[in-house]
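Summary of structural features
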Amino acid sequence: MLPDVDADQLLAAARRAGEPVAAARLIAEAFFNMSRTADATTLRPLADRLAALRSDPARPQTEVLFHTVAGVVGVRTRKPHATRHLETALRLIETHRLHADPLHLECAVICTLSMMRPEDTRPRYAHLMAQADTEPARQARLASMLALGDAWSGDLLRGRAGLHEARRLARAAGRLDIEAEAVSWLVKIEAMCGDLTASAACLAQARDLAARAGSSWVAAHIAECAAALHLAAGDADAWLGVLEYLVGTVVGANSGLIFEHRWELATHYALHGRPEAAAALLAGMPDPPLGWPGAPALPAWRSWIAQPADPAAMARFEASLAGLNRPVERLSRPRMAWLLGAQHARLGRRADAVRLLEVACTGYAAIGAAGLLARVMADLQRVGATGGVPRIPAPRSAESRPTTPAPPDGPQLTEAETRVAQAVAGGLSNREVAELLSVSAKTVEFHLGNIFRKLGVRNRTELASATLTLRS
């Protein structure tokens, strides 16, 4: 059954319910059924209906549901103080120990993510999700949110595996909307992990699923995920076009990237002879609140955009990166270091370029972002080999970029061998690879032997080097 039909039936049942808590539960269930398809303005009346069911004295169960829906809708519509609703919902769930109820558990998870605290999802809720006895659609939604939390907080490999599982659960539940959301996030994660073929396939599938589900929510952020594919593929023109679209439509508010998108675009303008456009883009745009992801570095980044060749501005921006120490900032820090390192190289400051590009390499390697690491490694190798300026490669499509490590004239790796090679090159042990890919350790050993033979490498270090060299 389609999500909106399900929701209509739930809302009709809520009108007939004589007991306020029962009615509130049905309205909240309708909200979760619609949350992957409807836009925020469509969801707003559900918060109003829940508000009408509040009472004095307050019922904790109804209060949790009201504050969750009001908070999530408020965040999606960028309302001030929306996080107060989310904080209240979480406090009530903790105080009254409501986690055992699957509906309230889902409230806790979506509140945590909406507050941009993805690092809290696994330690707080993973064990509760494993114990929850609930319907398939909720299982798929919970699995998807848990995996998003993993990836968003910098554990890309675990997040990728979790989203593949969420996609499987969504298919089993017959829920195109949940599958569309999971696949859209996989576009970004597969690209960052280095599998551009898989990322491109997910992009096409996400668009198709969003259209078949009528999902305005998923459709709105598919472009944000596509930007990562274009960046990892080295397609500068496509990346710039998507970035201009994101800034123009204010996509990124829910992921915390609304500021970084604008700063990235202003940086591109400033470095490509358009200082007036860069200044206009940031004029009147305040720095984000201190608790916002990336906030400690954005004022210094703004100053550097205004003076992109000034050593002092660059030094201040570099120093500010030390403040990016939250899990949710593990993706931002290496990107900023990469931008600075590439500019130092353009200006002929080789030592500074190498230092910052190494910072970027370390950051991307630590989170499993092999795709972005390959791009930085290419810049670093050009600086090291020539002492010159890293050049942006001519734009290439995802299809033309190699994603399967193999010798130029040798045998190609199989799909299974490719996944094992990527995971091992990312630093995982055989046991961790086996858990990630749901195979036995013996199977991993077998594939690894074939990979070493085909690539002509002797150990894991040489495998990682070969993989990065061939991708770049």
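The structure reproduced in this document is the subject of the present report. This one's a predicted model, so the numbers in the text were calculated from it and none came from an experiment.

Description of the overall build of the protein chain
Along the backbone of the protein chain there are 24 helices and zero strands. By the compact-globule yardstick of 23 Å for 472 residues, the protein chain fits well, its C-alpha radius of gyration being 23 Å. Reported as C-alpha extents along the three principal axes, the dimensions of the protein chain are approximately 75 × 55 × 35 Å. Looking at the protein chain residue by residue over its 472 residues, the buried ones come to 56%. Residue pairs at least 24 apart in sequence account for 63% of intrachain contacts in the protein chain once pairs closer than 6 positions are excluded. If you sum the accessible surface of the protein chain, you get close to 19400 Å²; carbon and sulfur atoms cover 56% of it. Side-chain charges of the protein chain comprise 53 positive and 48 negative groups, with the mean position of each set lying 2 Å from the other.

A word on the packing of helix α2 (residues 20–34) against helix α4 (residues 60–76)
For the pair α2 and α4, the least separation of the axes is 9 Å and the interaxial angle reads 25°. Judged on the interaxial angle alone, α4 and α2 are roughly parallel. As for the relative orientation of α2 and α4, their crossing is left-handed in sense. On α4, the residues that touch Val21, Ala24, Arg25, Ala28 and Phe31 of α2 are Gln61, Thr62, Leu65, Val69, Val72 and Val73. Considered class by class, the residues forming the contact of α2 with α4 number eight nonpolar, two polar and one charged.

Examining the side chain of histidine 67
Position of histidine 67 among the secondary structure elements: in helix α4. Note on histidine 67: relative accessible area 9%, which makes it buried. Among the polar contacts made by the side chain of histidine 67, one reaches the side chain of histidine 85 at a distance of 3.0 Å. Aside from chain neighbours lying at most four places away, what touches histidine 67 is Arg54, His85, Leu86, Thr88, Ala89 and Leu92.

A few points about the side chain of serine 114
By the secondary structure assignment, serine 114 is in helix α6 (residues 102–114). Look past the residues within four positions of serine 114 in its chain and what remains in contact with it is Val72, Val75 and Leu86.

Some points on the packing of aromatic side chains
Taken as a whole and assessed by the stated rule, the structure comprises six aromatic pairs. An angle of 65° between the planes, with centres 5.2 Å apart, marks the rings of phenylalanine 31 and phenylalanine 32 as edge-to-face. By relative accessible area, phenylalanine 31 is classed as buried at 0%. The class of phenylalanine 32 is buried, set by a relative accessible area of 1%. Grouped by ring-pair contacts, the aromatic residues Phe259, Trp263 and Trp292 constitute a single cluster. Over the ring of tyrosine 269 we find arginine 274, and its NZ or CZ is 4.1 Å from the ring centre. Geometry around tryptophan 338 places arginine 335 over its ring, the cationic atom sitting 4.7 Å from the centre.

Observations regarding unusual backbone geometry
Going from aspartate 56 to proline 57, the amide bond is cis rather than trans, its omega being 10°. By the element assignment, proline 57 lies in the loop between α3 (40–52) and α4. We note that arginine 97 has phi near 50°; this positive angle belongs to a residue other than glycine. On the secondary structure map, arginine 97 appears in the loop between α5 (82–95) and α6.

Looking at the environment of alanine 211
Structurally, alanine 211 is set in helix α11 (residues 196–213). The exposed category is assigned to alanine 211, whose relative accessible area is 61%. Taking the C-alpha atoms as reference points, alanine 211 and alanine 180, separated by 31 residues in sequence, lie 9.1 Å from one another.

Focus on the nonpolar core
If you look at the biggest cluster of nonpolar residues, it comprises 156 residues, and the most contacted ones within it are Phe31, Trp301, Phe317 and Leu463. Once residues within four sequence positions are removed from consideration, phenylalanine 31 is found in contact with Leu43, Leu46, Val69, Val72, Val73 and Ile110.

Criteria and cut-off values
- Residues numbered from 1 in each chain as written.
- Predicted model: local features only at pLDDT ≥ 70, side-chain atom pairs only at ≥ 80, totals over all residues.
- Heavy atoms only, no water.
- Helix = DSSP H or I, 4+ residues; strand = E, 2+ residues; numbered from the N terminus.
- Rg over C-alpha atoms; globule rule 2.2 N^0.38 Å.
- Buried < 20%, exposed > 50% of the residue type's maximum accessible area, 1.4 Å probe, protein only.
- Contact = heavy atoms within 4.5 Å.
- Areas by Shrake-Rupley, 256 points an atom, 1.4 Å probe, with all protein chains shown as cover.
- Lys, Arg positive; Asp, Glu negative; His and termini not counted.
- Charge placed at Lys NZ, Arg CZ, Asp CG, Glu CD.
- Axes fitted to C-alpha atoms, helices over the stretch in contact; angles between N-to-C directions.
- Parallel < 35°, antiparallel > 145°, perpendicular 65-115°, else oblique.
- Left-handed = near helix turned anticlockwise from the far one by under 90°.
- Nonpolar A, V, L, I, M, F, W, Y, C, P; charged D, E, K, R; others polar.
- Polar contact = N/O pair within 3.5 Å; in protein donor to acceptor, adjacent residues only side chain to side chain.
- Phe/Tyr/Trp six-rings, centres within 6.5 Å; stacked < 30°, edge-to-face > 60°.
- Lys NZ or Arg CZ within 6 Å of the ring centre and 35° of its normal.
- Core = buried A, V, L, I, M, F, W, Y, C linked by side-chain atoms within 4.5 Å.

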